[in-house]
Amino acid sequence: MESLSFPILSTVVYLPAIGALLMALFIPGRKVQVIRRFALGVAFVDFLVSLAILPFFNAGTADFQLVERTTWIPGIGAQYLMGVDGISLLLVLLTTVLGVLAILSSFSSITVRVKEYMISLLILQTGMLGVFFALDIVLFYVFWEVMLIPMALLIGIWGGPRRIYAAVKFFLFTLVGSLFMLIGFLVLYFSHQSLTGEYTFEIIRFMDFNFPAGVQMWAFWALFLGFAIKVPMFPFHTWLPDAHVEAPTAGSVILAGVLLKMGTYGFIRFSLPMLPEASLKAVPVVATLAVVGIIYGALVAWAQTDIKKLVAYSSVSHLGFVMLGLFTFTVQGIQGGVLQMINHGLSTGALFLLVGILYERRHTRMINAFGGLAAQIPLFTVVFGIVTFSSIGLPGLNGFIGEFLILLGSYQARMWIFGALAASGVILSAIYMLSMFKRVMYGPLDKEENKNLEDLNVRELFTLVPIVILIFWIGVYPRPFLNVLEAPVGRVMNRLESAKMPVAVTPLEDAGIQVALTFPDGEGIE
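Residues numbered from 1 in each chain as written. Predicted model: local features only at pLDDT ≥ 70, side-chain atom pairs only at ≥ 80, totals over all residues. Heavy atoms only, no water.

Things to note about the nonpolar core
Now for step 1: One finds Phe327 and Val440 to be the most contacted residues of the largest nonpolar core, which totals 196 residues.
Now for step 2: Element by element, the count of residues in this core is highest for helix α16 (residues 331-362), at 14 residues. (Core = buried A, V, L, I, M, F, W, Y, C linked by side-chain atoms within 4.5 Å. Buried < 20%, exposed > 50% of the residue type's maximum accessible area, 1.4 Å probe, protein only. Helix = DSSP H or I, 4+ residues; strand = E, 2+ residues; numbered from the N terminus.)

A few points about the pattern of salt bridges
Now for step 1: On inspection of all chains with the given rule, the structure shows ten salt bridges.
Now for step 2: The shortest N-O distance in the salt bridge between Asp242 and Lys169 comes to 3.0 Å. Taken together, the positions of Asp242 in helix α10 (residues 239-246) and Lys169 in helix α7 (residues 163-196) put the pair 73 residues apart, joining distant regions of the chain.
Now for step 3: A salt bridge links Arg491 to Asp208; its shortest N-O distance comes to 3.5 Å. Placement of Arg491 in helix α22 (residues 479-499) and of Asp208 in the loop between α8 (203-207) and α9 (213-230) is noted, with a sequence separation of 283 residues between them.
Now for step 4: The buried category is assigned to Arg491, whose relative accessible area is 17%.
Now for step 5: One salt-bridge network, in which partners are shared between bridges, spans Arg162, Lys169 and Asp242. (Salt bridge = Lys/Arg side-chain N within 4 Å of Asp/Glu carboxyl O.)

So, the packing of aromatic side chains
Now for step 1: Taken as a whole, this structure holds 31 aromatic pairs when the rule is applied.
Now for step 2: The interplanar angle of 75° and the centroid separation of 6.4 Å between the aromatic rings of Phe220 and Phe327 together place this pair among those described as edge-to-face. On the criterion of sequence distance, the pair formed by Phe220 in helix α9 and Phe327 in the loop between α15 (307-326) and α16 is long-range, its members being 107 residues apart. In this pair, the class of Phe220 matches that of Phe327, namely buried.
Now for step 3: The interplanar angle of 75° and the centroid separation of 6.4 Å between the aromatic rings of Phe224 and Phe236 together place this pair among those described as edge-to-face. Here Phe224 is found in helix α9, whereas its partner Phe236 is found in the loop between α9 and α10, with twelve residues between them in sequence. Here Phe224 and Phe236 have matching classes, each one buried.
Now for step 4: Taken together through their ring pairs, the aromatic side chains of Phe140, Trp144, Phe185, Phe220, Trp221, Phe224, Phe227, Phe236, Phe267, Phe270, Phe327 and Phe329 make up a single cluster.
Now for step 5: Seen from the ring of Phe370, Arg362 lies directly overhead, with NZ or CZ sitting 5.6 Å from the centre.
Now for step 6: Above the face of the Tyr359 ring, Arg365 is positioned so that its terminal group lies 5.2 Å from the ring centre. (Phe/Tyr/Trp six-rings, centres within 6.5 Å; stacked < 30°, edge-to-face > 60°. Lys NZ or Arg CZ within 6 Å of the ring centre and 35° of its normal.)

What to know about the environment of His192
Now for step 1: Counting through the fold element by element, His192 comes out in helix α7.
Now for step 2: Separated by 23 residues in the primary sequence, His192 and Val215 place their C-alpha atoms 9.9 Å from one another.
Now for step 3: Contact partners of His192, with chain neighbours within four places excluded, come to Gly197, Glu198, Thr200, Phe206, Phe209 and Phe211. (Contact = heavy atoms within 4.5 Å.)

Description of the side chain of Arg269
Now for step 1: By secondary structure assignment, the location of Arg269 is in helix α12 (residues 261-274).
Now for step 2: In this structure Arg269 comes out as buried when scored by relative accessible area, which is 2%.
Now for step 3: There is a polar contact of 2.8 Å between the side chain of Arg269 and the side chain of Asp85.
Now for step 4: Non-local contacts of Arg269, meaning those with residues more than four positions away in its chain, are made with Phe64, Asp85, Ile87, Ser88, Ile203, Met207 and Met274. (Polar contact = N/O pair within 3.5 Å; in protein donor to acceptor, adjacent residues only side chain to side chain.)

Focus on the pairing of strand β1 (residues 65-73)
Now for step 1: In terms of strand pairing, β1 meets strand β2 (residues 78-84) through six bridges, oriented antiparallel. Each bridged residue has a counterpart across the sheet, and for Glu68 the counterpart in β2 is Met82.
Now for step 2: Once β1 ends, the chain turns through four residues before running back antiparallel as β2, passing Gly77 with a positive phi of about 85°. (Pairing = 2+ DSSP bridges.)

A short note on the confidence of the model for the protein chain
Now for step 1: Residues with a pLDDT of 70 or more make up 94% of the protein chain, whose mean pLDDT is 91.
Now for step 2: This model gives residues 501-526 a pLDDT under 50, and the stretch forms 60 contacts once residues within four places in sequence are excluded. (pLDDT = per-residue confidence, 0-100.)

With respect to the environment of Leu351
Now for step 1: Inspection of the secondary structure puts Leu351 in helix α16.
Now for step 2: Setting aside residues no more than four positions away along its own chain, Leu351 makes contact with Val311, Phe384, Val387, Thr388, Ser391 and Met433.

What to know about the packing of α12 against α16
Geometrically, a packed helix pair is captured by the angle between its two axes and the distance between the axes.
Now for step 1: Here α12 crosses α16 at 160°, and the two axes come no closer than 10 Å. Accordingly, the angle class assigned to the pair α12 and α16 is roughly antiparallel. Our pair here, α12 against α16, has a crossing hand that is left-handed. For the pair α12 and α16, contact is made by Lys261, Thr264, Tyr265, Ile268 and Leu272 and by Ile334, Val338, Met341, His344 and Gly345, respectively.
Now for step 2: The residue makeup of the contact of α12 with α16, split by class, is six nonpolar, three polar and one charged. (Axes fitted to C-alpha atoms, helices over the stretch in contact; angles between N-to-C directions. Parallel < 35°, antiparallel > 145°, perpendicular 65-115°, else oblique. Left-handed = near helix turned anticlockwise from the far one by under 90°. Nonpolar A, V, L, I, M, F, W, Y, C, P; charged D, E, K, R; others polar.)

Describing a nonpolar patch on the surface
Now for step 1: Together, Ile149, Leu153, Ile157, Ile164, Val168, Phe171, Leu172, Leu175 and Leu179 line one region of the surface with nonpolar side chains, adding up to about 730 Å² of accessible area.
Now for step 2: At the level of secondary structure, the elements contributing two or more residues to the nonpolar patch comprise α6 (148-158) and α7.
Now for step 3: Top contributing element to the nonpolar patch by residue count: α7, with six residues.
Now for step 4: By the element assignment, Leu175 lies in helix α7.
Now for step 5: For Leu175, a relative accessible area of 30% gives the class partly exposed. (Patch = residues over 30% accessible without salt bridge, like charges linked within 9 Å, V, L, I, M, F, W, Y side chains within 5 Å. Areas by Shrake-Rupley, 256 points an atom, 1.4 Å probe, with all protein chains shown as cover.)

Given below as structure tokens:
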């Protein structure tokens, strides 16, 4: 593990919280413009500091880098331990980018309790960044819980008509998931202590430790419930549409762009490398739920009449792709799954920004309230079209790269049925997204309320253009992103390969479905 004399990771994590504290203490609530600009400045500086990690980061190693370590709670073996690898680096950069854009998008839409709103966003930013950097389970869990309250406040105070219901539902689901996750962590902690005599919560130690098969199974399913609720996977997804629809625009952007990735990040950081045997045995269940989520989310999205709810259900479908990729246990599948986490954050985050812009102008999100907008707001139409095509995986845009790698990984793992069913989700996403785009942007401009809509202004362009650039960059030249992922994904693959456990597919064999895994050495397990 490599370290740096300057605590750059802690700086990235705590800068938003320090900004929130300064704002709370020294900026009066009536100075709304000062509050907005200060919050934007803090988020932008945080983004710049996160970029400063890149010159010190070595993409050629799977080791955690820029490690910061100090004693924290010695009585239980907890440390203040942070580090970064390629997976967490990409997610941190995504978080700091979306943090800036979320605050910028709120300048005109949030007019009540602006100070408290910005403080909530900045504290939420600290929690999310801490999750990706933490290398101690206690520290990870603290940051995980820090995210819960500000997000619930964003939904419950600045949300839509059913905001209290959505906030309470989000809080309860997430809290229950956190409790199961805590149980899984404690199982690993006490098992490790009983076998080694050492009390530690260090994630790296657990990643390199071979837990007994029975312990792995108990811990895996406890962690599975915690992470699956956060993703969310089918059938734990019911809190998501309510949270998305009722949240303010910035809340939806952060929720879709970053918070949902906490669940998938948990699988690749904890479940796969720490519990390889249990993960391999769980392939039929997880892959089945992932594919059901892909198809179910797409079909329900197709039935929606509210644009924001359509985008919300599309997240269930897209994150099913991510889970399928992670559980193919191939390099291509796992790389595609992690890259699709980034892609979903960009494309779905942009969709929520665009829906928010429409809502500010028309105060409705119903598809039948629009039509013919391309003639009135052509610049908006161009951006909306690019993001729509990104979401459905058009070649040349970012979504295609992630979905292609996931499908390639599923076929390399000889999970043909799962791959074929997942591919149907791509077709369904094209149907519901293009249908929505056509009904909103084309046809006759026959509603008076739409004839005076204003096109994108300069602030809104600054909010959307960075995402559009990243959409094209990843779609045309994904190699820098895949290079960053190669070493940490290889480390996960080495742990999975060391398990060498055949996957039980008994529940599926009666249906004629056979699952097999192919490891880098070319040996298959059927």
